[in-house]
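Understanding the architecture of this molecule
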Amino acid sequence: MDEDRKAIKILLSNNYIVSPNSKTVFRNHSDPMALAKKFIETFSTDIKCDEFTLTKLINNTNHSQTPNYKVNIQPPISRKIPTIKKKYTINTKIDDLIDLHNYEPKFSIIQEPILSDNLVGDLNDMVGYFQNRYKKLSNILKRRADLSNFHKINEVKKEQNNISVIGMLSEKTINSENSAQLILEDPHNEKILEVIVSDPILVEQATQIMLDSVICVKGNVNPKGMFFATHIILPDIPSKPISSQNYADETVHVAFLSDIHVGSKGFLDKPMDKFIDFLNGKGENLHLQKLGKNTKYVMFSGDVVDGVGIYPGQLDELAMDSIHDQYDAFGSFLERIPEDVQMVVIPGNHDMVRSAEPQPKIPERYAPTLSKMENVHLLPNPSQVSLHGVNTLLYHCTSLPDMINNIPGMQIDKPIEVMINMLKARHLAPMWGSKTPLATEPEDHLVIDPIPDIFHGGHVHINGYGKYKGVQIVNSGTMQAQTSFQKSLNIDPTPGQVTLLNLKTRIPSQLDFM
């Protein structure tokens, strides 16, 4: 690969937006890689890498008194949590851990999908579902200040320049790193738009977009009516300056868990017991004890039980073959957690709800113990809640494998990068007809709106955390040992690891209860 393309690829991997006109600057520069490293060292991801910014950076560097200044490129902000050498990495000082005795929670539900009871799932439902998705995401795109001159697909004519078209990506063909074709549709009529992509940067961008995503293309139409893209714009989330981000007004922590899998023979009860002891202030040292008492929210993002009949041969791997017993056992763990700790439980693909997303909350008839607990909030998947004024989106992330299988470079041991892709698309599961079943509700509840402060997921049993444009991202590990299925795929889970977040600083801490 040429040096200029390597430089651009580094910027893209570090979540920078790269304008096509930057390619000429890199190509003409004597050291494109050094220029890319200098850009990363100088600018945040909020700054677009374009011809103007690069030229200004080069001029400033040439006039600098330290022209040979070397910069080590920073790794992407998202990462898999490596094997932890220290059992506990606590980033809140012990003196900041205030006593929250007689504490009053500041908890509210922001978004709880109201699901249909009489969903037919026929063609009319499907058309209405996708029309609603298009409407929601196109409205988000139209609010962008850098987009104008919008045309519906049936309004695109020959010899038009610098026009913007919003459509749903129904097909894409990547011919080479220099050539791709995209097929867009919109709900206004049956006409489609074929978009030709010939810029390597845009082709690379196109490989990262899931089918059925709503996107905007800017470009020009030649005399033959062929549309050539100059820009591909995703709905994406805007960058939030620190001053406009939400923080708690006092030091209080939230713990993130997922994929507990009570009822499985592989369920790890000892680390679960250690976590509950931690919440009761029974940590190994004073710092842990104060941190446990300061943790007043616990989020469970699905698969709290292993379920029954989820996959062939599951019966041989169950310690409890009754779904009622599994939920009762999980409830007995939660009953040992202090009553002033607010807990949110959403379902996952192993829970006793429909598999199609969005999923309704776990029914009382299966989990009466959980339903009766005043500090346990059973909510649908996905849902969004406010914790001390900090908006938190919970989603089980069943769609992670679909996105990994359809986007080059995505890996199952790096779930945060996949979740960043969801934020860019402003959708939790864009692709229809893949392994993630979608319910054709009248409203598409998987569109990410409003924008959360925290995005919490699970499903792949690999703990990780990161940050994207001001949104803190957490993917929880598990309380289950490696399954035979995971072993066959060489997937190493991270059991017993729990991420905590200080809601006043939004700085994570990492605990290992294994």
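Source: prediction; values computed, not measured.

1. Some remarks on the side chain of S476
For S476, the position within the fold is in the loop between β18 (471-475) and α13 (484-488). A polar side-chain atom of S476 sits 3.2 Å from the main-chain carbonyl oxygen of F256. Here the side chain of S476 touches L257 through a polar contact of 3.4 Å, landing on its backbone nitrogen. Filtering out sequence-adjacent residues up to four positions away, S476 remains in contact with F256, L257, S258, H456, G457, G458, H461, I462 and N463.

2. Re the nonpolar core
Counting residues in each nonpolar core, the largest one holds 42 residues, and the members touching the most others are M422, L423, L428, F455 and I473. Mapped onto this core, the elements with two or more residues apiece are α5 (123-142), β5 (163-176), β8 (214-221), α11 (400-406), α12 (415-425) and β18. Sequence-distant contacts of F455, defined by excluding residues within four places in its chain, comprise L393, Y395, M419, M422, L423, L428, V471, Q472, I473 and V474. Counting residues in hydrophobic clusters, the runner-up holds 40 residues, among them I260, F278, M343 and V345.

3. Considering the environment of N349
Along the chain, the position of N349 falls in the loop between β12 (342-346) and α10 (368-372). Considering only alpha carbons, one finds N349 and G302, 47 residues apart in sequence, at a separation of 7.6 Å. Every residue in contact with N349, bar those within four places of it in the chain, is listed here: D303, I310, Q359, H396, T398 and H459. Within the local environment of N349, its side chain forms a polar contact with the side chain of H459, the two groups lying 3.2 Å apart.

4. Points about the packing of aromatic side chains
In this description, a pair of aromatic rings is defined by centroid distance and the angle of the planes. Applying the stated criterion across every chain yields a total of 8 aromatic pairs. With 5.2 Å between their ring centres and 75 degrees between their planes, Y129 and F130 make a pair best called edge-to-face. Aromatic rings pair up to connect Y88, F275, F278 and F513 into one cluster. For the cation-ring pair, R506 lies above Y247, with the distance from its terminal atom to the ring centre recorded as 5.0 Å.

5. Some points on the pairing of strand β15 (residues 390-394)
Of all 5 residues in β15, 5 are buried, a share of seventy percent or more. Burial along β15 is two-sided: the residues V390, T392 and L394 and N391 and L393 are all buried. As defined by bridge partners, strand β14 (residues 383-387) adjoins β15 across 5 bridges and the pair is classed as antiparallel. In the strand pairing of β15, S383 is matched with L394. Between β14 and β15, which pair antiparallel one after the other, the connecting turn spans 2 residues, and H388 there sits at a positive phi close to 55 degrees. With 3 bridges connecting them, β15 and strand β16 (residues 454-457) associate as parallel partners. Across the sheet, L393 pairs through a bridge with F455, a residue of β16.

Thresholds, definitions, all that
- Residues numbered from 1 in each chain as written.
- Predicted model: local features only at pLDDT ≥ 70, side-chain atom pairs only at ≥ 80, totals over all residues.
- Heavy atoms only, no water.
- Helix = DSSP H or I, 4+ residues; strand = E, 2+ residues; numbered from the N terminus.
- Polar contact = N/O pair within 3.5 Å; in protein donor to acceptor, adjacent residues only side chain to side chain.
- Contact = heavy atoms within 4.5 Å.
- Core = buried A, V, L, I, M, F, W, Y, C linked by side-chain atoms within 4.5 Å.
- Buried < 20%, exposed > 50% of the residue type's maximum accessible area, 1.4 Å probe, protein only.
- Phe/Tyr/Trp six-rings, centres within 6.5 Å; stacked < 30°, edge-to-face > 60°.
- Lys NZ or Arg CZ within 6 Å of the ring centre and 35° of its normal.
- Pairing = 2+ DSSP bridges.

Just distances and angles here, no functional claims.
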